[in-house]
Amino acid sequence: MISTPVRGVLAGAAGLAALVLAWHVVAVTVYLRDNGSPGPVPPPLPVFARAVTGLIDGAYAEGLAATAGAALTGYGLAVVIALALGILVMITPALGPFASQLGVVAACAPAAAIAPVVVLLSPSGSRAVSVVLALLAVEFPLVVGVLLGLRSAAPAQIDLVHAYGGSAWTAVRKVRVVSAIPALLAALKLAAPAAFLGAMTGEFFTVGVDEGAGRLLISQQYVGDYTGMWAIALLATLVSALGYGVVAALGRVLAPWTAHTGSTR
């Protein structure tokens, strides 16, 4: 019998193949122009070819790397803020509502309103907008994940720490952090693609920045290169998925007890 992981991979591959087939059918039946040239939805094969070519010649690779760098910066800052807030809440429970509200504000803050303000406050050529939007895109799930994880520690374990004279900080270090790892890893995986999307969105507002996936997308839009636009979008999706996969792989290596696998006979 096929194991559960293999069945998952096969099901995913089948779903992806069906999606590409549907994409091709729509492109050649609905959006194909009378002269035979591709319309707003080009067929997948030219898109794949453009994506590979752009990566090989460096035209797209540099832009994706620049966006990924801004996303990683915002992602790292968001992790530090979420962990600091979570620990403060465990030490001072009265700060719980403030931390939760801060996460909600980060999730609800409109990018179109925040980005112009950041542009005005940052020098020309800065990637501050991308970093800030990446941070805002991931802060809410990270705060929620950290708080849920830190609060998941068994009360008996916390009571034992206090019974031996340990402080709230000792309980955080010895018990709560370990208990929080599964929830934190889940939040980190979900946040990785969101960080790249936030950084890419920020590039639509940057001033004096020529590199980045968002800037490439704008340039292709200006010249009406639909194949190029779809190729960039495809590569951005792959980079986001890669971020998710890297965090998941690191989680399995650094905290293997959080992985749940199974097989059927």
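What you are looking at is a predicted structure, and each value in this text was computed from that prediction instead of being measured.

Visitor: Report on the overall build of the protein chain, specifying residues and quantitative values.
Guide: Check the secondary structure of the protein chain and you find 10 helices and zero strands. Secondary structure elements in the protein chain, listed N-terminal to C-terminal, are α-α-α-α-α-α-α-α-α-α. Judged by the C-alpha coordinates and their principal axes, the protein chain covers about 80 × 60 × 30 Å. Residues classed as buried in the protein chain amount to 35% of the 265 residues present. Within the protein chain, counting contacts between residues at least 6 apart in sequence, those at least 24 apart form 72% of the total. Surface exposure of the protein chain reaches about 14500 Å², of which carbon and sulfur atoms provide 72%. Of the side chains in the protein chain, 12 bear a positive and 9 a negative charge, and the two mean positions are spaced by 18 Å.

Visitor: How would you summarise the nonpolar core if you had to cite specific residues and measurements?
Guide: Formed by 53 residues in total, the largest nonpolar core has its most connected members in Y75, L142, L188, M200 and I232. Here L188 is in contact with Y75, V79, L142 and V247, once residues within four sequence places are set aside. Core analysis: the second largest hydrophobic core is formed by five residues, A153, I158, V161 and V175 among them.

Visitor: Can you explain a nonpolar patch on the surface? Please cite residues and give values.
Guide: A cluster of nonpolar side chains, L77, I81, L88, L95, F98 and L102, forms an exposed patch at the surface whose accessible area comes to about 480 Å². For the nonpolar patch, the elements supplying multiple residues, two or more each, are α3 (61-91) and α4 (96-108). Sort the elements by how many residues they give to the nonpolar patch and α3 lands first, with three residues. Overall, the relative accessible area of 47% leaves F98 in the partly exposed class.

Visitor: Now, about the environment of I181: what can you tell me, with residues and values included?
Guide: Within the fold, I181 resides in helix α8 (residues 168-202). Once the C-alpha coordinates of I181 and L21 are considered, the two residues, 160 residues apart in sequence, prove to be 40 Å apart.

Visitor: Please give an account of the packing of helix α6 (residues 128-150) against α8 that cites residues and values.
Guide: The interhelical angle for the contact between α6 and α8, taken along N-to-C directions, is 160°, at an axis separation of 7 Å. Comparing their axes, α8 and α6 come out roughly antiparallel. Crossing geometry of α6 relative to α8 is assigned as right-handed. By residue class, the composition of the contact of α6 with α8 is 19 nonpolar, seven polar and one charged.

Visitor: Tell me what's going on with the side chain of T67, and back it up with residues and numbers.
Guide: If you trace the backbone, T67 turns up in helix α3. Of the residues examined, T67 reaches a relative accessible area of 0% and is grouped as buried. With sequence-adjacent residues up to four places away left out, T67 is seen in contact with F196, A199, M200, E203, G212, A213 and G214.

Visitor: Lay out α6 with the relevant residues and their values.
Guide: Over its 23 residues, α6 runs 31 Å from end to end, which matches the ideal 33 Å to within 8%, given 1.5 Å per residue. Taking the largest bend as the criterion, α6 deviates by roughly 40°, centred on E139, and proline P141 comes between one and four positions later.

Calculation rules
- Residues numbered from 1 in each chain as written.
- Predicted model: local features only at pLDDT ≥ 70, side-chain atom pairs only at ≥ 80, totals over all residues.
- Heavy atoms only, no water.
- Helix = DSSP H or I, 4+ residues; strand = E, 2+ residues; numbered from the N terminus.
- Buried < 20%, exposed > 50% of the residue type's maximum accessible area, 1.4 Å probe, protein only.
- Contact = heavy atoms within 4.5 Å.
- Areas by Shrake-Rupley, 256 points an atom, 1.4 Å probe, with all protein chains shown as cover.
- Lys, Arg positive; Asp, Glu negative; His and termini not counted.
- Charge placed at Lys NZ, Arg CZ, Asp CG, Glu CD.
- Core = buried A, V, L, I, M, F, W, Y, C linked by side-chain atoms within 4.5 Å.
- Patch = residues over 30% accessible without salt bridge, like charges linked within 9 Å, V, L, I, M, F, W, Y side chains within 5 Å.
- Salt bridge = Lys/Arg side-chain N within 4 Å of Asp/Glu carboxyl O.
- Axes fitted to C-alpha atoms, helices over the stretch in contact; angles between N-to-C directions.
- Parallel < 35°, antiparallel > 145°, perpendicular 65-115°, else oblique.
- Left-handed = near helix turned anticlockwise from the far one by under 90°.
- Nonpolar A, V, L, I, M, F, W, Y, C, P; charged D, E, K, R; others polar.
- Expected span 1.5 Å × (residues − 1).
- Bend = angle between axes of the 7 residues up to and from the residue.

Honestly, that's just the spatial picture; any functional story needs more than this.
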